[in-house]
Amino acid sequence: YFSDTEGQKGIVPSVKKALLEGFTKGSLSISDGDTLRLGLDVSEANKFHQKNEATTSLVTTNIPPPDAFSLHGVRVDESGNFVEILRPPRPIDSDILTMSGMIIISQRVTDLIKTTQREKNWEDLIQLLESTGNIQAYQGNFVYRNLNTLEAIDEAERLIKNEN
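Residues numbered from 1 in each chain as written. Predicted model: local features only at pLDDT ≥ 70, side-chain atom pairs only at ≥ 80, totals over all residues. Heavy atoms only, no water.

The next thing to look at is the confidence of the model for the protein chain. When pLDDT is averaged across the protein chain, the result is 78; 81% of the residues are at 70 or more. Mean pLDDT across the elements of the protein chain bottoms out in helix 1 (residues 11-20) (69) and peaks in helix 2 (residues 42-51) (92). Segment residues 1-5 is flagged for pLDDT under 50; beyond a separation of four residues in sequence, or across chains, it makes 12 contacts in the model. (pLDDT = per-residue confidence, 0-100. Helix = DSSP H or I, 4+ residues; strand = E, 2+ residues; numbered from the N terminus. Contact = heavy atoms within 4.5 Å.)

Using the criterion set out here, one finds 4 salt bridges in the structure. With a shortest N-O distance of 3.3 Å, E44 and K47 are connected by a salt bridge. One end of the pair is E44 and the other is K47, both in helix 2 and 3 residues apart, which spans about a single turn. Residue classification places K47 among the exposed positions, given a relative accessible area of 52%. Put simply, E157 and K161 hold a salt bridge, and the shortest N to O gap is 3.8 Å. With E157 and K161 both in helix 5 (residues 150-163) and 4 residues apart, this pair spans about one turn of that helix. (Salt bridge = Lys/Arg side-chain N within 4 Å of Asp/Glu carboxyl O. Buried < 20%, exposed > 50% of the residue type's maximum accessible area, 1.4 Å probe, protein only.)

Tracing the sequence through the fold places R75 in strand 4 (residues 73-76). Setting aside residues up to four positions removed in sequence, R75 forms contacts with N81, F82, V83, E84, L86, P91, D93, D95 and I96.

Among the nonpolar cores identified, the biggest contains 20 residues, and I30, L58, M99, I103, I105, I113 and L125 are the most heavily contacted of them. Broken down by secondary-structure element, the contributors of at least two residues to this core are helix 1, strand 1 (28-31), strand 4, strand 6 (96-105), helix 3 (107-115), helix 4 (122-130) and strand 7 (135-139). If you look at the next biggest cluster of nonpolar residues, it comprises 10 residues, including L40, L71, M102 and F142. (Core = buried A, V, L, I, M, F, W, Y, C linked by side-chain atoms within 4.5 Å.)

Below, the structure written as structure tokens:
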């Protein structure tokens, strides 16, 4: 389901629509649609989520400055455990990973989303996730690009061609 289809816009209404139409078993992956995650092994992220019995797993990676300043960050401790989500603009430190616009949520979180009145945007979803406890940060080794400009799309096309 895409957030710009049929009626109310935003990530939470799209997730609610998917849940209300029967996608309610087990964990659910949510992803923004304007991002390239070249080389991300989603099955490994799902295994991480299951192994850690997380309510939410944030799929993260390392992104060098200056691009990282404008993206949500995830602070982790020395063991790689989730500490907090940082809103942009944010500091650039070695203990901060960058959210890649993909999360994996458990059945408990899907049940909360179905009943929440927060229906606006990604930030509302993040606030809901923060309230659920057991958040984990999956750190992947992949190329992340937000495709919000023509230049970014051109660069992503070059990356994909070089990968093949």
